[in-house]
Amino acid sequence: MAPSPPKLSTLITWLLYFVPVYIFILDPLIRPFFPDNSSSSSWEDEDGSAFEEWDHTPSTLHLTDDSFISPEDGVPVNCPGEAEGYRVHLLSRAPLVLYIENFVSSAEADHLVDISLNKYTPSIIYDGVTERIDPSKRLSDRALLDRDDTVRCLEDRARAFQGWRPHLYIERMWAQRYNASGHYRHHYDWTGSLARGGDRLSTFMVYLGADCEGGGTNFPRLRRPVGKAWCRFLECDEDEGAGGMQEGITFKPIKGNAIFWENLRADGTGYPETWHAAYPVTKGTKVGLNIWSWYQPPKRRVGR
Ligand SMILES: *[C@@H]1O[C@H](CO)[C@@H](O)[C@H](O)[C@H]1NC(C)=O
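Residues numbered from 1 in each chain as written. Predicted model: local features only at pLDDT ≥ 70, side-chain atom pairs only at ≥ 80, totals over all residues. Heavy atoms only, no water.

Okay, the environment of Val 281 next. Mapped onto the elements, Val 281 comes out in strand E16 (residues 281-295). Judged by relative accessible area, Val 281 falls into the buried class, the value being 2%. Separated by 103 residues in the primary sequence, Val 281 and Tyr 178 place their C-alpha atoms 6.7 Å from one another. Leaving out residues up to four positions away in the same chain, Val 281 has contacts with Tyr 178, Asn 179, Ala 180, Ser 181, Gly 182, Cys 212, Glu 213, Gly 214, Gly 215 and Lys 286. (Helix = DSSP H or I, 4+ residues; strand = E, 2+ residues; numbered from the N terminus. Buried < 20%, exposed > 50% of the residue type's maximum accessible area, 1.4 Å probe, protein only. Contact = heavy atoms within 4.5 Å.)

This part is about the nonpolar core. Counting 31 residues, the largest nonpolar core has Phe 103, Phe 204, Val 206, Leu 208, Leu 289 and Ile 291 as the members making the most contacts within it. Ignoring any residue separated from it by four or fewer positions in sequence, one finds Leu 208 in contact with Val 104, Ala 109, Leu 112, Val 113, Lys 255, Val 287, Gly 288 and Leu 289. Counting residues in hydrophobic clusters, the runner-up holds 14 residues, among them Val 97, Met 205, Leu 222 and Phe 233. (Core = buried A, V, L, I, M, F, W, Y, C linked by side-chain atoms within 4.5 Å.)

Every residue lining the ligand is accounted for by Leu 139, Asp 141, Arg 177 and Asn 179. For the ligand, an oxygen atom lies 2.4 Å from a polar atom in the side chain of Asn 179. About the coverage of the ligand: the protein hides 40% of its 360 Å² of free accessible area. (Near = heavy atom within 4 Å. Polar contact = N/O pair within 3.5 Å; in protein donor to acceptor, adjacent residues only side chain to side chain. Areas by Shrake-Rupley, 256 points an atom, 1.4 Å probe, with all protein chains shown as cover.)

Time to look at the environment of Asp 146. You can see Asp 146 is positioned in the loop between strand E7 (141-144) and helix H3 (149-161). According to the relative accessible area criterion, Asp 146 is partly exposed, its value standing at 43%. Linking Asp 146 and Trp 174, residues 28 residues apart in sequence, is a C-alpha distance of 9.4 Å. Look past the residues within four positions of Asp 146 in its chain and what remains in contact with it is Ile 115, Lys 119, Val 151 and Arg 172. Looking at Asp 146, its side chain comes within polar contact range of the side chain of Lys 119, at 3.3 Å.

Bringing H3 into the picture now. Between its first and last C-alpha atoms H3 spans 18 Å; for 13 residues at 1.5 Å apiece the expected length is 18 Å, and the two agree. With ten of its 13 residues buried, H3 lies for the most part within the structure. Those residues of H3 not exposed but buried are Thr 150, Val 151, Arg 152, Cys 153, Leu 154, Glu 155, Arg 157, Ala 158, Arg 159 and Phe 161. The N-cap residue of H3 is Asp 148: its side-chain oxygen and the backbone nitrogen of Thr 150 are 3.1 Å apart. Following H3 by one or two positions, Gly 163 adopts a phi angle in the positive range, close to 70 degrees. (Expected span 1.5 Å × (residues − 1).)

To continue, consider the pattern of salt bridges. Within this structure, the stated rule accounts for 13 salt bridges. Across the pair Lys 137 and Asp 134 runs a salt bridge, and its minimum N-O distance is 3.7 Å. A relative accessible area of 39% means that Lys 137 is categorised as partly exposed. Among the ionic pairs, Glu 155 bridges to Arg 147, the shortest N-O distance being 2.9 Å. As far as burial versus exposure is concerned, Glu 155 and Arg 147 are alike and both buried. (Salt bridge = Lys/Arg side-chain N within 4 Å of Asp/Glu carboxyl O.)

On to the state of the cysteines, then. Applying the stated criterion across every chain yields a total of two disulfides. The partner cysteine of Cys 79 in its disulfide is Cys 153, sulfur to sulfur 2.3 Å. The S-S bond linking Cys 79 to Cys 153 shows a torsion near -115 degrees; that makes this disulfide left-handed. Of this pair, Cys 79 sits in the loop between helix H1 (8-30) and strand E1 (87-93) while Cys 153 sits in helix H3, and the two are 74 residues apart along the sequence. Here Cys 231 is linked by a disulfide to Cys 236, with a sulfur-sulfur distance of 2.1 Å. Across the disulfide from Cys 231 to Cys 236, rotation about the S-S bond amounts to roughly -100 degrees, and the bridge is consequently left-handed. Should the bonded cysteines of the chain be numbered as they appear in the sequence, the pairing reads 1-2, 3-4. (Disulfide = S-S within 2.5 Å.)

A word on the sheet that holds strand E12 (residues 217-219). One open sheet accounts for five strands, arranged E6-E10-E15-E12-E13; its pairing is antiparallel. Bordering the open sheet on either side are strand E6 (138-139) and strand E13 (249-251), each of which pairs with just one other strand. (Pairing = 2+ DSSP bridges.)

Take the pairing of strand E11 (residues 199-214) next. Sheet topology places E11 next to E16; 14 bridges connect them, and they run antiparallel. Paired with Ser 202 across the two strands is Ser 293, which belongs to E16. Relative to strand E14 (residues 258-262), E11 runs antiparallel, the two being bridged by five bridges. In the strand pairing of E14, Ser 202 is matched with Glu 262.

Cis geometry is found at the peptide bond from Ala 94 to Pro 95, where omega equals 0 degrees. Summarising the element assignment, Pro 95 is placed in the loop between E1 and strand E2 (96-101). The phi angle at His 167 is positive, at roughly 65 degrees, despite the residue not being glycine. Following the sequence through the fold, His 167 ends up in the loop between H3 and strand E8 (168-170). Note on His 167: relative accessible area 4%, which makes it buried. One non-glycine residue, Ser 181, lies in positive phi territory at about 80 degrees. With respect to the secondary-structure elements, Ser 181 resides in the loop between strand E9 (174-178) and strand E10 (183-187).

These values are about where atoms sit, not about what they do.
Set out below in structure tokens:
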């Protein structure tokens, strides 16, 4: 006997259940994967013209400005093959934190240190409104790197590492030099400004020079994986670091290696676990390189 079709009253009852389930459960669940309902998904770009979209960005974020980001401008990139031999280790899934051995070769690191030498000025901090120098929070010098072949290779490597993700823009790179007593207090790299046009989706913290003692990169809200294997890269000795007072995990500065982490969740909010600091250098000099990737959600364009 064929099953009889459901009665109208049953259908209405189902609908009454489904509507709140959709509004309160299903839609919020799938929304982060479809940040905008236009025809193109956030992972594909129609024609590579995404750069033009910065024109709609509030000027306060400087995202229209190629002194601030590194646009893909068609200049050919010729990278030495041997520099691509990095090794990746997973430290945390959420937030995503990866440790990358040999992200830059020794020759690349030395070159980047060389080209930064005559360009250092005191580092600033930015509180969302103004930029200022505050040695109690941040004591280091920074240098904006010219986009030479090595820098362009690194931009390329950073894009490839993140799957050539569209709507992602590499900020112009800054070398950071920490002398003895140089440090950077705990802070976030994200600002929660996605709704105003863009925010720093991810950070590569690359060690270019590590002829120093101290100077570890501390994440008080991340936990050290069990076992001793990570002690190659993390301070495991309780007496190491800031006088044994450290919380969470502290990466040792190792030339050529990098920490990569994602600052933003899929819905654009920042991860509190990315709170981090550069512990004071106690001896020698540390040179770091930040590679920040900005994400700007695709804009809805009228008439498409
Ligand atoms: C770091 O040392 C260099 C070279 O001695 C010096 O020019 C620079 O001013 C120092 N920076 C800081 C922040 O102390």
